[in-house]
Amino acid sequence: MVSVMEVYQLLPKTNCKKCGLPTCMAFAVELLGKRKAIEDCTPLVEEPKYETKLAGLRELMAPILSADSTETGMVIHTEKCYGCGNCVVACPVNVANDPKGTAIGRGPVSGKAILMVEDGVVKCVNVDQCRRFGDEKVLCNACIVTCPSKAIEFI
Amino acid sequence: MAGKKELTVVTYRGIFQEVEEALGMYSDGYRDQSALLELDGGDAKAMGLEDEKLILLETASGRVVVTAKVSEDPHPGIAFMPASPWSSQLLSGEVGEGGLMELKRFSATVTPTEGAVTSIEEIVERIRAA
Amino acid sequence: MAFCTGCSLLCDDIEVDFEGAKVKRTLNLCRKGRGHYDSLLVDRLAPAVDGSLVDIDEALSSAAEVLEGREKILLFGWGNSTLAAQKAGIELAKKLGSVIDDPSSYSQGLITEKVLKGELPTCTFDDVRNFADVSIFWGDDPSSSHPRHLSRFSYYPRGEKRQRGYEEDREAIVIDVRKSPTAQIAADGFFKISPGGDADFIEALMAALGGKIPKVEDKKRMLNLGTKLRKAKFGAIFTGLGLAHSLGGDLDAFFSLVGKLNELTRFSVIPTLGDYNTRGFNQTLFDEAGHVNSVSFKDGVDHGPEFGIAKYLDSCDAVMVVGSDPTAVLPAPLAKKLAGMPMVAVGTHRTLTTDGADVTVPIGVAGLEVGGTALRTDGVKVEFDAVVDSDYLPDVEVIERIMEAV
């Protein structure tokens, strides 16, 4: 998981406020939360002396900003996934939303499951139902610790 | 080139190998998932081996060239190999004390080598040779 | 809904869309199962005699010719056959006075036979899901071989007495020489042993269960395991090749351990068998002959290791392989012997074995192209229909037609 400090280390650390925030640390928090974009830090993008930092930041943020990453920061490495459904069955949201399907080890039957196995690999749907989504989020890791191949991570 | 080593080889099945098997035993994918040996980091270092280097595996029954994979977890003296026609080439067919033919475990000499991974066609040829 | 015959869990909640014979989309099918489904269009076996393509009728009559007049035929395979084909295969063995065997003779046959005889307590996967609080995976890595084992039955699902989820309600113990993908998720429940170390582990665990100090490095951990197992309300042990082979086939120590556990509480054994219907063959032959493999029907019923493929290749004079690839699996010296035999191969796909056969007879993939019944690895009967059109014959028809012709 990418930490705020890791992002902060790659910012200008001048607290110039050009992004509209009081400090670079605050910008790092917003960037990780995807409420700001890298381009909002104009000195970083425009000034050649920050070239190395910019490249590092883009690399660090790539998985977070990629299409695979959902609103919750969940990344599924489908090339590693076994499609075993451990995460599907262990997910507390699936258990609550789909008691006659995923909760008892079967494929989803309710249409309210948030994890399911499609084409042999796991897929996240109805992402706004994930416990990691939104302001009230909790750091649930049921889908990570149940994975035999480390195919899921949160960033 | 650094030296050879005698290792205990234990066979196993992996899911990606089984998928490749279903999609064709003569495929490159099946060979890539089968013709390999997982080595302990320390053992690999002692033999001057890195990930993806080729090794020759020899027993009294046969010899094959496979790719070395260096494990994250330590398991000195032991190497793991997917059960496949490549590992079968190294088995003796002897029956153990309890009456079961040995398929899971054997002792093999491992030597760093060059050239190419043994092809499945070559294995088939050896099996058919009188 | 479709079934999956990719492994012996026989998953029955698969949704699949086809575009002709090509699989377009699947739901609930694991990665291995998807490979099995996708294999419908890859490397299919064709009817052939001496490497030349023929029509199916000619392949069948040629198959009968290979077998006819032989004194010592071995009928081998059967794990990827429907129950009906297995039954027909045993009838064929009787008619020919031949030997019939399956890969269980070099894997878990001994464990399965004990289960079928009632000498090892067992239960169904549904019992495991509903009641099991301790699951032991011994030399067994179902995450790789039977990917939905833990999610459907043995660790993660909610069940009748297991409503609170695996963290509170269940315990997974993995005993293995390798940190397998199953061991990975068992975390603290993983007991790493040395190759061949199962006997020592059993001895230490027996001591711990008996309240004695075990002779192992980490005494406290072994004593804790003993306590955990003693306190289990409903334990299940899933066995794999690793256990069977570590003990070289002498499983008495393991059987004693299961006996001891059952004096203290309840522990059931379910072998994790490879092919989709290995359990079916073992049960069918057991019902017929009292043994799960290595049976000769030459003079009535005879059984013994001399009729297992490892030994019988020395004396047999023809082989028919059905739904199995022994050439790829058997040790090189045995594969060579097999290659020298007159051979008929019946199967769905091209394999190392079919490539070496004198006659090949293709059949449909069960559960996809043809229907049938099979026994899940816990012994529960599962019936499936075809879900895609195909011209391939069902395996039972092929065996019956060979039987008529010999």
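Residues numbered from 1 in each chain as written. Chains lettered and ligands numbered in written order. Predicted model: local features only at pLDDT ≥ 70, side-chain atom pairs only at ≥ 80, totals over all residues.

Details of the overall build of chain A
At step 1: Secondary structure summary: chain A contains seven helices and four strands in total.
At step 2: Along its sequence from the N terminus, chain A presents helices and strands in the succession α-α-α-α-β-α-α-β-β-α-β.
At step 3: Summarising its shape, the C-alpha atoms of chain A cover approximately 55 × 30 × 20 Å along the three principal directions.
At step 4: In chain A, which comprises 155 residues, the proportion classed as buried is 37%.
At step 5: Across chain A, contacts joining residues at least 24 apart in sequence account for 52% of those joining residues at least 6 apart. (Helix = DSSP H or I, 4+ residues; strand = E, 2+ residues; numbered from the N terminus. Buried ≥ 20, exposed ≤ 12 C-beta atoms within 10 Å, placed from the backbone. Contact = placed C-beta atoms within 7 Å.)

Digging into the overall build of chain B
At step 1: A tally of helices and strands in chain B yields five helices and six strands.
At step 2: The secondary structure elements of chain B, listed N-terminal to C-terminal, are β-α-α-β-α-β-β-β-α-β-α.
At step 3: Over its C-alpha trace chain B gives a radius of gyration of 14 Å, about what one expects of a compact globule, namely 14 Å for 130 residues.
At step 4: Each principal axis of the C-alpha atoms in chain B carries an extent, and together these give about 35 × 35 × 30 Å.
At step 5: Residues counted as buried form 47% of the 130 residues belonging to chain B.
At step 6: In chain B, of all internal contacts separated by at least 6 residues, the share reaching a separation of at least 24 is 75%. (Rg over C-alpha atoms; globule rule 2.2 N^0.38 Å.)

Details of the interface of chain C and chain B
At step 1: Between chain C and chain B, the contact holds 43 residues from the first and 36 residues from the second.
At step 2: For the side of chain C that touches chain B, the secondary structure elements donating two or more residues are helix 1 (31-38), helix 6 (142-145), helix 12 (241-246), helix 16 (326-329), helix 17 (332-339) and helix 18 (352-355) of chain C.
At step 3: Looking at the side of chain C that touches chain B, the element that brings in the most residues is helix 17 of chain C, giving six residues.
At step 4: Classifying every residue of the side of chain C that touches chain B gives 20 nonpolar, 13 polar and ten charged. (Nonpolar A, V, L, I, M, F, W, Y, C, P; charged D, E, K, R; others polar.)

Comments concerning the confidence of the model for chain A
At step 1: Averaged over chain A, the pLDDT score is 89; the fraction of residues at 70 or greater is 95%.
At step 2: Confidence, expressed as mean pLDDT per element, reaches its minimum in chain A at helix 4 (residues 51-65) of chain A with 85 and its maximum at helix 5 (residues 86-90) of chain A with 98. (pLDDT = per-residue confidence, 0-100.)

With respect to the confidence of the model for chain B
At step 1: When the pLDDT values of chain B are averaged, the result is 94; 98% of them are 70 or greater.
At step 2: Both confidence scores are given for the complex: pTM 0.90, ipTM 0.96.

As for unusual backbone geometry
At step 1: With a phi close to 60°, A:Lys13 is a non-glycine residue in the positive phi region.
At step 2: The residue A:Lys13 is located in the loop between helix 1 (4-9) and helix 2 (24-32) in this model.
At step 3: Exposure remark for A:Lys13: the 13 C-beta atoms within 10 Å place this residue in the partly exposed category.
At step 4: The phi dihedral of C:Ser294 falls on the positive side, at around 50°, and the residue is not glycine.
At step 5: Within the secondary structure, C:Ser294 is located in the loop between helix 14 (278-289) and strand 12 (295-296).
At step 6: Residue C:Ser294 is classed as buried on the basis of its C-beta count, with 25 C-beta atoms lying within 10 Å.

Brief notes about the packing of helix 2 (residues 56-67) of chain C against helix 19 (residues 395-405) of chain C
Geometrically, a packed helix pair is captured by the angle between its two axes and the distance between the axes.
All names here are of chain C.
At step 1: Following both chains from N to C, one finds helix 2 and helix 19 inclined at 55°, their axes separated by 9 Å at the closest point. By the angle between their axes, helix 2 is oblique relative to helix 19. Handedness of the helix 2/helix 19 crossing: right-handed. Contacts between helix 2 and helix 19 involve Leu60, Ser61, Ala63 and Ala64 on the former and, on the latter, Val398, Arg401, Ile402 and Ala405.
At step 2: Classifying every residue of the contact of helix 2 with helix 19 gives six nonpolar, one polar and one charged. (Axes fitted to C-alpha atoms, helices over the stretch in contact; angles between N-to-C directions. Parallel < 35°, antiparallel > 145°, perpendicular 65-115°, else oblique. Left-handed = near helix turned anticlockwise from the far one by under 90°.)

What to know about helix 11 (residues 219-231) of chain C
All names here are of chain C.
At step 1: If you check helix 11, its first and last C-alpha atoms are 18 Å apart, about what 13 residues at 1.5 Å a residue would give, namely 18 Å.
At step 2: The set of residues buried in helix 11 consists of Met222, Leu223, Leu225, Gly226 and Leu229. What you see down the axis of helix 11 is that its buried residues fit within an arc of 155°, all on one side.
At step 3: Looking at the buried residues of helix 11, the elements they touch are strand 7 (134-138), helix 10 (198-209), strand 10 (235-239) and helix 13 (252-264). (Expected span 1.5 Å × (residues − 1). Arc of directions from axis to C-beta.)

A look at the sheet that holds strand 11 (residues 267-271) of chain C
All names here are of chain C.
At step 1: Taken together, five strands build an open sheet; the order of strands is 9-8-7-10-11 and the sheet is parallel. The open sheet has two edge strands, strand 9 (190-192) and strand 11, and neither has a second partner. In this sheet, neighbouring strand axes are inclined to one another by 15° on average, regardless of whether the strands run parallel or antiparallel.
At step 2: Pairing of strand 7 with strand 8 (residues 171-176) involves five bridges; the strand directions are parallel. Bridge pairing in strand 8 links isoleucine 136 to isoleucine 173. (Pairing = 2+ DSSP bridges.)

Some thoughts on the environment of C:Gly235
At step 1: Following the sequence through the fold, C:Gly235 ends up in strand 10.
At step 2: If near-sequence neighbours (up to four positions away) are discounted, C:Gly235 is found in contact with C:Ala132, C:Val134, C:Ile136, C:Leu229, C:Leu261, C:Thr265, C:Arg266 and C:Phe267.

Considerations on the nonpolar core
For soluble globular proteins, the rule of thumb is that nonpolar side chains tend to be buried together.
At step 1: Core analysis: the biggest nonpolar cluster contains 207 residues, and A:Cys91, A:Leu115, C:Val319 and C:Val344 have the highest contact counts within it.
At step 2: Beyond its immediate sequence surroundings of up to four residues, A:Cys91 is in contact with A:Ile114, A:Leu115, A:Ala142 and A:Cys143.
At step 3: Counting 14 residues, the second-largest nonpolar core is a separate cluster that includes A:Cys24, A:Ala28, A:Leu31 and A:Leu57. (Core = buried A, V, L, I, M, F, W, Y, C linked by C-beta atoms within 7 Å.)

Considerations on the domain arrangement of chain A
At step 1: Split into domains, chain A comes out as domain 1 (4-65) and domain 2 (74-154).
At step 2: Placing a centre on the C-alpha atoms of domain 1 of chain A and another on those of domain 2 of chain A gives a separation of 31 Å. (Domains from an automatic or database assignment.)

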